[in-house]
Amino acid sequence: MASHAHARNPNDNLTKSAVSAAPRVSFVSLGCPKALVDSERIITRLRAEGYEFSRGHAGADVVVVNTCGFLDSAKAESLEAIGAALAKTARWW
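Bear in mind that the values here come from a model prediction, so they are computed numbers and not experimental data.

**Student:** What's the story with the pairing of strand β1 (residues 24–29) in this structure? I'm lost.
**Tutor:** Where a strand is regular, its side chains alternate between the two sheet faces. Pairing geometry for β1 and strand β2 (residues 52–53), over two bridges, is parallel. Bridge pairing links Val25 to Phe53 in β2. Since β1 and β2 lie parallel, the crossover through helix α2 (residues 33–48) that links them has a hand, and here it is right-handed. Examined bridge by bridge, β1 and strand β3 (residues 62–66) share five bridges and lie parallel to one another. Within β3, the residue paired with Ser29 across the bridge is Asn66.

What follows is the structure in structure tokens.
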């Protein structure tokens, strides 16, 4: 009887984190109290999905700016936050 050799995947012994690191997120919450509550819910979900959080934009794979779209001051502040994130990450998709 012929034996069947099992082809081994070279990544079999690597953990998931060693194969691909969790995406790093920088999060900015601006605007009204409802936006803050929404931000907390988003952050909780992202953590549950395995995302890590960066203290600054430079170490992040993605920057999320969550704001209130009803306040003109929040809109202006959001544009400033997006500009700052772009200056630190120098990437745009």
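**Student:** So what exactly am I meant to see when it comes to the side chain of Asn66 here?
**Tutor:** Within the secondary structure layout, Asn66 lies in strand β3. Looking at Asn66, its side chain comes within polar contact range of the side chain of Ser39, at 2.8 Å. With residues up to four places along the chain from it excluded, the contact list for Asn66 reads Phe27, Val28, Ser29, Leu30, Ala35, Asp38, Ser39 and Ile42.

The rules behind each value
- Residues numbered from 1 in each chain as written.
- Predicted model: local features only at pLDDT ≥ 70, side-chain atom pairs only at ≥ 80, totals over all residues.
- Heavy atoms only, no water.
- Pairing = 2+ DSSP bridges.
- Helix = DSSP H or I, 4+ residues; strand = E, 2+ residues; numbered from the N terminus.
- Right-handed = clockwise from strand over helix to strand, strands pointing away.
- Polar contact = N/O pair within 3.5 Å; in protein donor to acceptor, adjacent residues only side chain to side chain.
- Contact = heavy atoms within 4.5 Å.

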